[in-house]
Amino acid sequence: MAGTALVSGAGKGIGRAIAQNLAAQGYNLFLLGRDGEALAAVATACAEHSVQAHFLAGDLCEAGHIAAALAAAEEKLGAIDVLVNNAGAAARGAVQGADLAAWRQVLDLNLWAVIALTRGVLPAMIARRQGAIINISSISGRHSAGGDAIYAASKHALNGFTASLFEDVREFGIKVSCIMPGFVDTALTAGMQRRDERMIGAEDIAACVD
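Here the structure is a predicted model, which is why all the values come from computation and not from measurement.

**Some words on the packing of aromatic side chains**
Phase 1: Per the stated rule, a full pass over the model turns up 0 aromatic pairs.
Phase 2: Directly above the ring of Y151 sits R92, whose terminal nitrogen or CZ lies 5.6 Å from the centroid.

Structure, rendered in structure tokens:
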């Protein structure tokens with residue numbers, strides 16, 4: 001067996017593709033997301049690869065949910081070998097018209113939840129001197145555009161966090177990666193008037209998590 005992996009935002013899109021790819025590699029999985037029915041369907045598909053696939057539905061921004069998720073994952077699978085921080089959200093619009101509560105939710109999910117999940121799995125990884133943390137960022141973490149302020153800010157911050165995390169844990173043999181795709185054909189980009197045939201497929205991103 002390849003090991004254990006925890007994937008956030010696993011119910012659809014990139015997260016679903018990553019979970020199925022890891023299952024095909026032999027990883028036992030713990031899946032996080034908001035939609036319990038979607039997670040159950042992904043878990044069923046993953047289990048067809050003769051691996052364990054457990055899930056917990058809920059909001060990563062709600063108090064106590066991340067701690068509960070990490071405890072459940074450890075109970076079901078033991079130590080986590082691979083953490084994939086994929087869950088994310090976007091709110092679009094000009095800064096002068098910002099809904100600050102909605103923007104705070106984007107920042108909490110795209111950055112703070114990543115930090116909290118990462119902090120939660122690190123002690124066991126450090127003790128074992130092995131593990132991998134993969135953060136799904138965006139090209140918006142390198143470039144900015146009008147109407148994209150909070151999403152770009154969260155992804156710039158995620159890139160900075162990932163780079164510093166790498167320096168903090170490299171001595172323990174822990175691998176840290178950040179994947180920064182362009183426009184991926186998922187629900188997050190729906191309605192952006194992009195040409196589907198020119199967009200990246202979720203499976204292409206999953207292939208990078210290997």
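From this point, the discussion proceeds with the structure in view.
**Overview of the layout of surface pockets**
Phase 1: In this structure, the second largest pocket spans a volume of roughly 330 Å³.
Phase 2: Looking at the lining of the second largest pocket, the elements with two or more residues in it are strand 5 (131-136) and strand 6 (174-179).
Phase 3: Residue contributions to the lining of the second largest pocket peak at 4 residues, all from strand 5.
Phase 4: Within the lining of the second largest pocket, the residues separate by chemical class into 10 nonpolar, 5 polar and 4 charged.

**What about the environment of L122?**
Phase 1: The residue L122 is located in helix 4 (residues 100-128) in this model.
Phase 2: A relative accessible area of 11% places L122 in the buried class.
Phase 3: With residues near it in sequence (within four places) discarded, L122 still touches I133, L165, V169 and I174.

**Focus: the pattern of salt bridges**
Opposite charge on two side chains lets them pair, provided their charged atoms get close.
Phase 1: One pass over the full model with this rule turns up 5 salt bridges.
Phase 2: One salt bridge in this structure joins D59 and R34, with 3.3 Å as the shortest N-O distance. Of the two residues, D59 is situated in the loop between strand 3 (53-57) and helix 3 (65-77) and R34 in the loop between strand 2 (27-33) and helix 2 (36-47); the sequence distance between them amounts to 25 residues.

**A look at helix 2**
Phase 1: Over its 12 residues, helix 2 extends 16 Å from the first C-alpha to the last, a length consistent with the 16 Å expected when each residue adds 1.5 Å.
Phase 2: Listing the buried residues of helix 2 in full gives L39, V42, A43 and C46. When helix 2 is viewed along its axis, its buried side chains cluster within an angular range of 100 degrees and face the same direction.
Phase 3: Of the surrounding elements, those touching the buried residues of helix 2 are helix 1 (13-24), strand 2 and strand 3.
Phase 4: One side-chain oxygen at the N-terminal end of helix 2 lies 3.0 Å from the backbone nitrogen of E37; it belongs to D35.

Conventions used here
Residues numbered from 1 in each chain as written. Predicted model: local features only at pLDDT ≥ 70, side-chain atom pairs only at ≥ 80, totals over all residues. Heavy atoms only, no water. Phe/Tyr/Trp six-rings, centres within 6.5 Å; stacked < 30°, edge-to-face > 60°. Lys NZ or Arg CZ within 6 Å of the ring centre and 35° of its normal. 1 Å grid on protein atoms, 1.4 Å probe; cavity = no way out; pocket = protein on both sides within 12 Å on 5 of 7 lines; lining within 4 Å. Points joined across faces, edges and corners; volume = space filled by probe spheres on them. Helix = DSSP H or I, 4+ residues; strand = E, 2+ residues; numbered from the N terminus. Nonpolar A, V, L, I, M, F, W, Y, C, P; charged D, E, K, R; others polar. Buried < 20%, exposed > 50% of the residue type's maximum accessible area, 1.4 Å probe, protein only. Contact = heavy atoms within 4.5 Å. Salt bridge = Lys/Arg side-chain N within 4 Å of Asp/Glu carboxyl O. Expected span 1.5 Å × (residues − 1). Arc of directions from axis to C-beta. Polar contact = N/O pair within 3.5 Å; in protein donor to acceptor, adjacent residues only side chain to side chain.

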